[in-house]
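Reading the structure
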Amino acid sequence: MTRPAARGGSRASADRLARLLNLVPYLLARPGIELAEAAGDLGVTERQLREDLELLWVCGLPGYGPGDLIDMAFDGDRVTITYDAGIDRPLRLTPDEALALVVALRMLAEMPGVTNREAVERALAKIEHAAGDLVAAPVEVRLPADTHRVEQLRTAVESGRALRITYYTAARDETTDRVVDPLRMLMVGGRAYVEAWCRRAEAVRLFRADRIDAVAELDERAAVPPQARPHDLTEGVFRPSPDLPLITLRIGRGERWLTEYYPCERIEAGGGDHWLVSLRVTDLGWARRFVLGLGPDVTVVAPAELAEQVRAAAVAALDAYASPPPAAPPAARGRAGHAAGGVPGRPGGDRRHAVGWPPW
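We now turn to the structure provided with this report. This structure is a prediction, so every number in the text was calculated from the model and none was measured.

All right, on to the environment of Ala-39 then. Mapping Ala-39 onto the fold places it in helix α2 (residues 35-42). Given the relative accessible area of 3%, Ala-39 is considered buried. Separated by eleven residues in the primary sequence, Ala-39 and Arg-50 place their C-alpha atoms 9.1 Å from one another. Apart from the residues within four sequence positions on either side, Ala-39 is in contact with Val-44, Thr-45, Glu-46 and Leu-49.

In structure tokens:
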């Protein structure tokens, strides 16, 4: 079993869903239409249309047995829908669906980087008016983030001034001070980012809002150089490239979720229930912490340097447990626990040591 990394998978799935929803009423209005003619009208190849029809065979109503699934009849190269499972009827919002739509629009209105907020507000007003009593109570949405920090960054970006930030870089597990010239605020994968020209790196960088420990607006205006270009984020924040390190892991059945969550270059069936998974990372330091955060059913196959780093870190951790440090005075223990946020030995709280993606 081998497959390339999925690129644009979410967009392709959404396009196909829209095509399938349009396909049933289209065929209902044209019983016995030739597949070639239908493919031309729908703007797809005949092969893609046949694949869509094969998928429709297993779509339908709950129960998913005879009489529940969409059915069709073929006569040579002609097709007729014989049971539509109700897709021909106009859709009406249920109370739960209306509420979900209102919540989604309110969340969109609160997202940083939304350039046409007025259009979102107008759409929201129309939906709430049309839904009427379906949405019985006012809805307030708060994004799962440091709202104060996001609002502070948004205001600073709109002011057009340079910023001095203290930023935690997960890939290197270090905190640095930087002066940046903001380009824009945006939301990707449910996280807020500020995209800016970093004077330290002399390049455009994305800074996650929840990893900015401090921010100060400078008196000088932002000076973005002409060569600075915003990132193309249509395929996500992290974009694997051949120049990045490639790691290979042997994973068991319980860790197969990795292949759905991370962009993998290669997936092969190994011995028993194990798979061999290859993926790109920004550096081996991040990969070491990533592997250490996984369960015991993951083994590093390559590169050997990463395997040795993981082994050494695991041995050091076991040695630390075997030789506990001398007990500190009660007052000192209290201060240490408070400084670590209640997690002894982990300054700064769990966020600094948690495994996360994208790897930077």
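What follows covers helix α3 (residues 46-56). Every α-helix winds through 3.6 residues per turn, so residues three or four apart in the chain are directed the same way. Looking at α3, one finds that the buried residues are Leu-49, Asp-52, Leu-53 and Leu-56. Along the axis of α3, the buried residues cluster in a sector spanning 100 degrees; they form a single face. Turned more than 90 degrees off the buried face of α3, the exposed positions are Arg-47 and Glu-54.

Attention shifts here to empty space enclosed by the protein. Sizing a probe to match a water molecule and rolling it over the atoms shows the empty space that remains. Within this structure, the stated rule accounts for one cavity of 30 Å³ or more. Space inside the largest cavity adds up to approximately 40 Å³. Lining of the largest cavity is provided by Leu-249, Leu-258, Tyr-262, Cys-264, Val-277, Leu-279 and Phe-290. Partitioning the lining of the largest cavity into residue classes produces seven nonpolar, no polar and no charged.

Below, the discussion takes up the sheet that holds strand β10 (residues 264-269). In sheet architecture, strand pairing relies on hydrogen bonds along the backbone and comes in two forms, parallel and antiparallel. Taken together, the four strands give an open sheet; going across it, the order is β10-β11-β9-β12, and neighbouring strands pair in antiparallel fashion. Taken across any chain shown, the strands that pair with only one partner, and hence form the sheet edges, are β10 and β12 (298-302). Taken over all neighbouring pairs, the strand axes of this sheet differ in orientation by 25 degrees on average, direction set aside. When strand β9 (residues 246-251) meets strand β11 (residues 275-280), the two strands line up antiparallel, connected through six bridges. Within the sheet, the bridge partner assigned to Leu-246 lies in β11 and is Arg-280.

The subject of this paragraph is the pairing of strand β6 (residues 191-198). Counting buried positions along β6 gives seven out of eight residues, so the element sits mostly inside the fold. Relative to β6, strand β5 (residues 174-188) runs antiparallel, the two sharing eight bridges. Residue pairing for β6: Val-188 is matched across the bridge by Arg-191. Sheet topology note: the β6/strand β7 (residues 203-208) ladder contains six bridges and is antiparallel. Each bridged residue has a counterpart across the sheet, and for Trp-197 the counterpart in β7 is Val-204. If you look at the hairpin formed by β6 and β7, you'll find four residues sitting between the two strands, and Glu-202 has a positive phi there, around 55 degrees.

Definitions and cut-offs
Residue numbers restart at each chain and count upward from 1, following the sequence in its written direction. Local features are withheld for residues below a pLDDT of 70 in this predicted model, meaning they are given only at 70 or higher, and side-chain atom pairs are given and counted only at 80 or more; totals for whole chains, interfaces and linings count all residues. Think of the side-chain values as coming from all heavy atoms in the structure, minus any hydrogens and water. By the criteria applied, helices consist of DSSP H or I runs no shorter than four residues and strands consist of E runs no shorter than two, each listed in order from the N terminus. Burial classes follow relative accessibility: with a 1.4 Å probe on protein chains only, a residue under 20% of its type's maximum area counts as buried, one over 50% as exposed, and anything between as partly exposed. The contact rule is simple, with two residues in contact once any of their heavy atoms fall within 4.5 Å. By definition, the arc is the one covered by directions from the helix axis to the C-beta atoms. For each structure, a 1 Å grid was placed over the protein atoms alone; sets of points admitting a 1.4 Å probe that cannot get out are labelled cavities, open sets with protein on both sides within 12 Å along at least five of seven lines are labelled pockets, and lining residues have an atom within 4 Å of a point. Grid points are joined across faces, edges and corners, and a volume is the space filled by probe spheres set on the points. Three classes are used, and their members are as follows: Ala, Val, Leu, Ile, Met, Phe, Trp, Tyr, Cys and Pro are nonpolar, Asp, Glu, Lys and Arg are charged, and the others, Gly among them, are polar. Here, a strand pair is defined by DSSP locating no fewer than two bridges between the strands. With axes taken as lines fitted to C-alpha atoms, and helix axes fitted only over the stretch in contact, angles between N-to-C directions fall between 0 and 180 degrees.

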